[in-house]
Amino acid sequence: MEIRYSTGPEDVKRYTTEELRKEFLVSDLYQKDKVCAVYSHVDRMVVLGIMPVQTRLPINQGIDIWKNFGTEYFLERREAGCFNIGGKGKIIVDGTEYAMGFEDCLYISMGTREVYFESDQADDPARFYLVSAPAHKPCKTTFISFEQANKRPSGTLENANKRVINQFIHPDVLETCQLSMGLTKLSEGSVWNTMPVHTHERRMEIYTYFDIPEGQAVFHMMGQPQQTRHIVVDNYDVVISPSWSIHAGCGTANYTFIWAMGGENKAFDDMDEVPVKDMR
């Protein structure tokens, strides 16, 4: 498991492109029959990419649980949310099996001892994208299909940001300790997400992008509102966004992304909006 230590906005002002990517971008998460994990000291969030092909994979494959978490098992003091963004598969949680179609989601409670991941077909493997946050109480492990998500249309074609925000792990859908996750789909002809931008000092956020057409890319905007930077991302790339940073994207075509948040609260209106004219 890779460890990423947090950095402040003053340092980031001086970063080169490669330094910025090394600090905040996570690539190559999905490798055959492997669990790839990145532990970020930004609110102690963990990102995992899990792609079982020939074998069933445990959540802790290749992770020294005691060294990294000081616990007996991965979710002893953590909760997690997991999306499938590949072929059909299943997640087995303490013996209970959940069938996972494309863009289905599973919230997994703190205190869950065993989690395994499988693909239905080796030639079309599942891609399980998982984010884990520290937790202080157990909640109910819950499956949420794409159809069951709370859907919030947003934006307009005129502003090139028409999209649907699908809330999965969200206070309006189910109870969690601190983790929130959802999936946003941009309409054809729209390329902007989260514009005008905002920060939320009390929460960090993580984006992962997918459904980017071949040959296209997304420019992820980050940094302080008056010191913006960008990272060019490809399919399945992840960007870690500290609380002081904006987080928005503009694609050369429409795309889909999953957002995950953790921090002091789950109040979605608790944000500091930035007018476009004030950005630099």
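First, a word on scope: everything that follows refers to the structure included in this document. Since the model is a prediction, treat every value here as computed from it, not as a measurement. (Residues numbered from 1 in each chain as written. Predicted model: local features only at pLDDT ≥ 70, side-chain atom pairs only at ≥ 80, totals over all residues. Heavy atoms only, no water.)

1. Focus: the overall build of the protein chain
Argument step 1. Within the protein chain one finds 3 helices and 24 strands.
Argument step 2. Against the globule reference of 19 Å for 280 residues, the protein chain gives a C-alpha radius of gyration of 18 Å, in line with a compact fold.
Argument step 3. Reported as C-alpha extents along the three principal axes, the dimensions of the protein chain are approximately 55 × 40 × 35 Å.
Argument step 4. Within the span of the protein chain, comprising 280 residues, buried residues form 56% of the whole.
Argument step 5. Only carbon and sulfur atoms are counted for the fraction: they give 46% of the accessible area of the protein chain, which is about 12500 Å². (Helix = DSSP H or I, 4+ residues; strand = E, 2+ residues; numbered from the N terminus. Rg over C-alpha atoms; globule rule 2.2 N^0.38 Å. Buried < 20%, exposed > 50% of the residue type's maximum accessible area, 1.4 Å probe, protein only. Areas by Shrake-Rupley, 256 points an atom, 1.4 Å probe, with all protein chains shown as cover.)

2. Observations regarding the pattern of salt bridges
Argument step 1. This structure, assessed with the given rule, holds 10 salt bridges.
Argument step 2. For R14, the salt bridge is made with D11, and the minimal N-O distance between the two is 3.1 Å.
Argument step 3. Taking relative accessible area as the criterion, R14 reaches 59% and is therefore assigned exposed.
Argument step 4. Between K90 and E118 there is a salt bridge whose closest N-O contact spans 3.8 Å. Of this pair, K90 sits in strand β7 (residues 89-93) while E118 sits in strand β10 (residues 115-119); the two residues are 28 residues apart in sequence, bridging distant segments of the chain. Grouping residues by exposure puts K90 and E118 together as buried.
Argument step 5. Put simply, R56, K90, E118 and D120 are held in one network by salt bridges that share partners. (Salt bridge = Lys/Arg side-chain N within 4 Å of Asp/Glu carboxyl O.)

3. Description of the sheet that holds β10
Argument step 1. Strand order in the open sheet formed by 4 strands is β5-β10-β7-β8, and the pairing between neighbours is antiparallel. In the strand order of this sheet, the two ends are held by β5 (57-58) and β8 (96-100), each with one partner.
Argument step 2. As defined by bridge partners, β5 adjoins β10 across 2 bridges and the pair is classed as antiparallel. Following the sheet pairing, P58 is matched in β10 by Y116. (Pairing = 2+ DSSP bridges.)

4. Section: a negative patch on the surface
Argument step 1. On the surface, E201, D269, D272 and E273 cluster together into a negatively charged patch.
Argument step 2. Looking at the secondary structure, you find E201 in the loop between β17 (198-199) and β18 (203-210). (Patch = residues over 30% accessible without salt bridge, like charges linked within 9 Å, V, L, I, M, F, W, Y side chains within 5 Å. Lys, Arg positive; Asp, Glu negative; His and termini not counted. Charge placed at Lys NZ, Arg CZ, Asp CG, Glu CD.)

5. Some thoughts on helix α2 (residues 17-24)
Argument step 1. For α2, the full list of buried residues reads L20, E23 and F24. Down the axis, α2 shows its buried residues gathered within 75° of arc, on one side only. Along α2, the residues that are exposed and aim more than 90 degrees away from the buried face are E18 and K22.
Argument step 2. Against the buried residues of α2 lie β1 (2-4), α1 (9-12), β2 (25-26), β19 (218-224), β20 (227-233) and β21 (238-241). (Arc of directions from axis to C-beta. Contact = heavy atoms within 4.5 Å.)

6. What about the sheet that holds β2?
Argument step 1. The strand order across the open sheet formed by 7 strands is β2-β21-β18-β23-β15-β14-β13, and the pairing between neighbours is antiparallel. Strand pairing shows two members of the sheet lacking a second neighbour, β2 and β13 (150-154), which therefore form its edges.

7. Brief notes about the pairing of β8
Argument step 1. By the bridge criterion, 5 bridges tie β7 to β8 in an arrangement that is antiparallel. The residue bridging G89 from the neighbouring strand is M100, located in β8.
Argument step 2. Where β7 folds back on β8, the antiparallel hairpin that results is connected by 2 residues, among which D94 adopts a positive phi of roughly 45°.

8. Re the environment of F83
Argument step 1. Within the element layout of this structure, F83 appears in strand β6 (residues 78-84).
Argument step 2. Taking the C-alpha atoms as reference points, F83 and P171, 88 residues apart in sequence, are found 18 Å from one another.
Argument step 3. For F83, the contacting residues outside a window of four places in its chain are E103, D104, C105, R127, F128, Y129, F168, M181, G182, L183 and I258.

9. Remarks on the packing of aromatic side chains
Argument step 1. In the structure shown here, the tally under the stated rule is 13 aromatic pairs.
Argument step 2. Ring centres 6.2 Å apart and planes at 90° place the aromatic pair F102 and F210 in the edge-to-face group. Taken together, the residues span a long stretch of sequence, with F102 in the loop between β8 and β9 (105-108) and F210 in strand β18 at a distance of 108 residues.
Argument step 3. In this structure F210 comes out as buried when scored by relative accessible area, which is 1%.
Argument step 4. Ring plane angle 80° and centroid distance 6.0 Å describe the contact between Y207 and Y209, whose orientation is recorded as edge-to-face.
Argument step 5. By relative accessible area, Y207 is classed as buried at 3%.
Argument step 6. Sitting over the face of the ring of Y236, R127 holds its NZ or CZ atom 4.2 Å from the ring centroid.
Argument step 7. The aromatic ring of F146 is capped on one face by K151, whose charged end is 3.9 Å from the ring centroid. (Phe/Tyr/Trp six-rings, centres within 6.5 Å; stacked < 30°, edge-to-face > 60°. Lys NZ or Arg CZ within 6 Å of the ring centre and 35° of its normal.)

Scope: geometric values only; no functional claims are made or implied.
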